[in-house]
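# Remarks on the overall topology
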Amino acid sequence: MIEIYHSPRARSNRVLWLCEEMGLPYTPHVIGLREKPPALLAHNPGGTIPLMIDGDTVLFESMTICEYLTETYGPTDLVLHKDEPGYWDYRQMLDFGEATLAAPLTAIVGTVLSNPRGSHDNATIDVIRHSFRSRLGVLAARLHKADYVSGGRFTIADISAVYGIILALKNDIFGLKDAIAEDLVTYAQRMIDRPAYQRMLAVK
Ligand SMILES: N[C@@H](CCC(=O)N[C@@H](CS)C(=O)NCC(=O)O)C(=O)O
């Protein structure tokens, strides 16, 4: 059985959502964002969530886990195949959603959690907010013309890309709600409305 360390609203959402889309059985270990159980640290000294254990395979990068699950338990149309047009654009979007869009937001979460009642305005946070706004432009341009970020159908590139949009839409701490264009709000809501996404949200 696939085991997944999960915290509501964390990037483990991507992994649980994908399992739900694929109909894969899994055992969730639900923990708080700042909890570091010894079993988590034993496999991932960095202490980040998600962590996935599947037999001898232990992974802790959300998008690598998504690629592992689709390759191991596919075939599935939730990926673009190498011989399909737009394959490298799709691969780029897998990285973009995490490395370029969502990862910098982690610094804002850390700043707010470590100083909940203080001011969160500083030059670093300003740079992150500013770059998030321009990076959203990549998605806005695509989703103005298409329903999905890449390849013309729902894939794990959407699971990657929409995480940062939903984070910024649903949490005031980022101060970025106004940056999200109408096309992106509509897209995010379409992703949230997927039955598999709703099943993921119900995991407590
Ligand atoms: N690039 C990693 C980022 C993992 C990450 O930063 N996870 C956050 C939750 S979304 C976390 O565990 N934060 C708590 C901590 O760093 O202690 C991924 O995509 O899985």
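Remember, predicted model here, so these are calculated numbers, not experimental data.

## Section: the state of the cysteines
Counting across every chain of the model gives zero disulfides. The cysteine C19 is free of any disulfide, with C66 supplying the nearest cysteine sulfur at 8.2 Å. Owing to a relative accessible area of 0%, C19 belongs among the buried residues under this scheme.

## Let's talk about the domain arrangement of the chain
Splitting the chain by domain gives domain 1 (2-76) and domain 2 (87-194). One C-alpha centre belongs to domain 1, the other to domain 2; they are set 21 Å apart. If you look at the interface, domain 1 gives twelve residues, while domain 2 gives 18 residues. In total, about 1,400 Å² of surface goes out of reach between domain 1 and domain 2, with carbon and sulfur atoms giving 59% of it.

## Comments concerning the side chain of S12
With respect to the secondary-structure elements, S12 resides in helix 1 (residues 12-22). Classification of S12 by relative accessible area gives buried; the value is 0%. Looking at S12, its side chain comes within polar contact range of the main-chain nitrogen of S7, at 3.1 Å. S12 has contacts with Y5, H6, S7, I49 and P50, leaving out every residue within four places of it along the chain.

## Section: the site of the ligand
Lining the immediate surroundings of the ligand are 13 residues, of which K36, I49, E61, S62 and E98 lie closest. Between the ligand and the protein, one listed contact pairs an oxygen atom with a backbone N or O atom of I49 at 2.8 Å. Within the side chain of E61, an N or O atom sits 2.7 Å from a nitrogen atom of the ligand. Taking 510 Å² as the accessible area of the ligand by itself, protein coverage stands at 78%. Of the residues that constitute the shell around the ligand, the class distribution is six nonpolar, two polar and five charged.

## Examining the environment of S131
Counting through the fold element by element, S131 comes out in helix 6 (residues 123-143). Assessed through its relative accessible area of 15%, S131 is described here as buried. Here the side chain of S131 touches I128 through a polar contact of 3.1 Å, landing on its backbone oxygen.

## Notes on the packing of helix 4 (residues 87-102) against helix 6
Following both chains from N to C, one finds helix 4 and helix 6 inclined at 150 degrees, their axes separated by 11 Å at the closest point. Relative to helix 6, helix 4 is oriented roughly antiparallel. For the crossing formed where helix 4 meets helix 6, the hand is left-handed. Contact with helix 4, carried on its side by D89, M93, F96, T100 and L101, involves F132, R135, L136, V138, L139 and R142 of helix 6 and no other residues of that element. Residues of the contact of helix 4 with helix 6, tallied by class, amount to seven nonpolar, one polar and three charged.

The rules behind these values
Residues numbered from 1 in each chain as written. Predicted model: local features only at pLDDT ≥ 70, side-chain atom pairs only at ≥ 80, totals over all residues. Heavy atoms only, no water. Disulfide = S-S within 2.5 Å. Buried < 20%, exposed > 50% of the residue type's maximum accessible area, 1.4 Å probe, protein only. Domains from an automatic or database assignment. Contact = heavy atoms within 4.5 Å. Buried area = accessible area lost by both parts, 1.4 Å probe. Helix = DSSP H or I, 4+ residues; strand = E, 2+ residues; numbered from the N terminus. Polar contact = N/O pair within 3.5 Å; in protein donor to acceptor, adjacent residues only side chain to side chain. Near = heavy atom within 4 Å. Areas by Shrake-Rupley, 256 points an atom, 1.4 Å probe, with all protein chains shown as cover. Nonpolar A, V, L, I, M, F, W, Y, C, P; charged D, E, K, R; others polar. Axes fitted to C-alpha atoms, helices over the stretch in contact; angles between N-to-C directions. Parallel < 35°, antiparallel > 145°, perpendicular 65-115°, else oblique. Left-handed = near helix turned anticlockwise from the far one by under 90°.

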